[in-house]
Amino acid sequence: MPPGTASCEETTIVATELADPGRLAFESALLAELRLNVRRLAVIRFVAVSAFVALFVLLGVVLRIPYWAPVIPLLIAYWVIVAIGFALRATVPVRYVGFVVAVIDMPMLYVIFRNFVVRDPTPVGPAAFATGFFVVLLIPVALLSFDARPIFLAAVVAATFEALLLVETGAPGGTIVSSIILLTGAGVFSAYARGRTTALVERVSAEHRRLERMGRYFSPQVAALLEGGDPGAAESRTVTILFSDLRDFTALAETLRTEEVVGLLNDYHTRMVETVFSHGGTLDKYLGDGLMAYFGAPVAQPDHAARAVRCALAMQDALTQLNTERAARGQRPLRMGIGIHTGPVVVGDIGAPRRREYTAIGDAVNVAARLQELTKSHGVPVLVSEVTRRSAGETIRFSAATAAPLRGRAQSVDTFVPISVGE
């Protein structure tokens, strides 16, 4: 990675990944589900109306039963409208499909049932039967609606048409009011059920995203400790930060095909992240061909400095294994530099509401990034600061490296190279 990836001292390094889309992903999935419902319900609607047309033709034309014949032209007109909707089901704006039932299907049913009411010797029968049809039509409205407005509209329309039918039959006022209450209540219940179902799915989706997010950043052990809560609250913490970077990777990538570059990086990052997690570290972000991790947050680790140093040596061992495999395939070996520093940082969810990352910021982050840059000029695989060397304890042996200036600092910084880890 070219120098200058880490920012200068007055510009602290922050996360650059896109935030989890969250709500946008949920709304996109909801929209896709509504589109699927539109297509399927259009088929069901077309088949159902076609079946009624066939039934009425059989009764009124084939069997010549006078009671059924007068309504056939109305049913055929309704079928034509439904057929057009079926043909256009893939082009109708999804957000407005929920209103179709209230403005097309319910008025057509009212006209059809009124035809029966004015001819039937006991008109209250067809009028009462219409109530069931209106209630059934509220179901697809709930399935096709983004919000409760189409449902309430359909309930009002259904109650109005049912009341008109009952008025024409001379039904008592109590029957009319009861029908209105029934249809209005069905609409309210449908709207409530739809809202609660959507809210439940959204909560489950949010919890899934939270657990997936924890799995991206934290080792399985840390994620298990945090599963009961959200580690997002920002706090000040002393941690040990680790930066790694593949040396001369840009030149190597220029000799590879795109898919080879991606495959190499995926293989490399998989091994490095598994090593970080096995030492209890937290992955902060990928930096192209490198990464940033830290130890001591969100779960406190008194030995975070020693963990980071052991992790760096293990990462170099993992790279050695990767190079052995590459050599067997006749491929060039990879080289990696790692810088480590211990100091106070602020860790937590940081950023705008729609672009937020769990990350660490502070001067200690910048120092670790500078130390990683120095590994190339020093010709060593790992460099740690004096603070990290003191904090790592006596079980890790170090050799002193050349003191060197860091960008953004006036004085040179003492650096050390870890050479072995004791028991």
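Everything numeric in this text was worked out from a predicted model, so none of it was measured.

Quick notes on the rules
Residues numbered from 1 in each chain as written. Predicted model: local features only at pLDDT ≥ 70, side-chain atom pairs only at ≥ 80, totals over all residues. Heavy atoms only, no water. Helix = DSSP H or I, 4+ residues; strand = E, 2+ residues; numbered from the N terminus. Buried < 20%, exposed > 50% of the residue type's maximum accessible area, 1.4 Å probe, protein only. Contact = heavy atoms within 4.5 Å. Areas by Shrake-Rupley, 256 points an atom, 1.4 Å probe, with all protein chains shown as cover. 1 Å grid on protein atoms, 1.4 Å probe; cavity = no way out; pocket = protein on both sides within 12 Å on 5 of 7 lines; lining within 4 Å. Points joined across faces, edges and corners; volume = space filled by probe spheres on them. Nonpolar A, V, L, I, M, F, W, Y, C, P; charged D, E, K, R; others polar. Core = buried A, V, L, I, M, F, W, Y, C linked by side-chain atoms within 4.5 Å. Phe/Tyr/Trp six-rings, centres within 6.5 Å; stacked < 30°, edge-to-face > 60°. Lys NZ or Arg CZ within 6 Å of the ring centre and 35° of its normal.

Engineer: Whenever I open this one, the overall build of the protein confuses me. Can you help?
Structural biologist: Helix and strand counts for the protein come out as twelve helices and ten strands. Taken across its 423 residues, the protein has 45% of its residues classed as buried. Sequence-distant contacts, at least 24 apart, represent 72% of the contacts inside the protein between residues at least 6 apart. Counting every atom, the protein has about 21,000 Å² of accessible surface; 64% of that belongs to carbon and sulfur.

Engineer: Explain unusual backbone geometry here, please?
Structural biologist: Backbone geometry follows two general trends: most residues other than glycine have a negative phi, and most peptide bonds adopt the trans configuration. Residue proline 298 is reached from alanine 297 by a cis peptide bond, and omega for that bond is 0 degrees. Following the sequence through the fold, proline 298 ends up in the loop between β3 (290–295) and α10 (304–328). A positive phi angle, near 55 degrees, is found at arginine 64, a position not held by glycine. Here arginine 64 lies in the loop between α1 (23–62) and α2 (72–87). Phi at aspartate 248 takes a positive value of approximately 55 degrees, unusual for a residue other than glycine. Here aspartate 248 lies in the loop between β1 (235–246) and α8 (249–253). Judged by relative accessible area, aspartate 248 falls into the partly exposed class, the value being 35%.

Engineer: I would appreciate a short explanation of the layout of surface pockets in the present structure.
Structural biologist: It is a probe the size of a water molecule, rolled over the atoms, that shows where empty space is left. Roughly 1,000 Å³ of volume is contained in the largest pocket. For the lining of the largest pocket, a count of residues per class yields 37 nonpolar, two polar and three charged.

Engineer: Would you mind going over the nonpolar core with me for this structure?
Structural biologist: The tendency in soluble globular proteins is for nonpolar side chains to be buried as a group. Core analysis: the biggest nonpolar cluster contains 36 residues, and Leu242, Phe249, Met272, Met315, Met336, Ile338 and Ile340 have the highest contact counts within it. Listed by contribution, the elements that provide at least two residues to this core are β1, α8, α9 (258–278), β3, α10, β4 (336–352), β6 (382–385) and β7 (396–400). In terms of residue count, α10 provides more of this core than any other element does, nine residues in total. By size, the runner-up hydrophobic cluster in this structure holds 29 residues, among which are Leu109, Ala154, Ile176 and Leu183.

Engineer: Quick question: what am I supposed to make of the packing of aromatic side chains here?
Structural biologist: The description of two aromatic rings rests on the distance between their centres and on the angle between their planes. Following the criterion strictly, the structure yields twelve aromatic pairs and no others. Measuring from centroid to centroid gives 6.0 Å for phenylalanine 52 and phenylalanine 133, while their planes differ by 55 degrees, and the two rings are tilted. Linking phenylalanine 52 in helix α1 with phenylalanine 133 in helix α4 (residues 124–143), this pair joins segments that are 81 residues apart in sequence. On the accessibility criterion, phenylalanine 133 (22% relative accessible area) is partly exposed. Every member of this aromatic cluster is reached through a ring pair, and the members are Phe52, Phe113, Phe129 and Phe133. For arginine 119, the ring lying beneath its charged end belongs to tyrosine 67, and the centroid distance is 5.4 Å. The positively charged end of arginine 389 is found above the aromatic ring belonging to phenylalanine 416, 4.8 Å away from the centroid.

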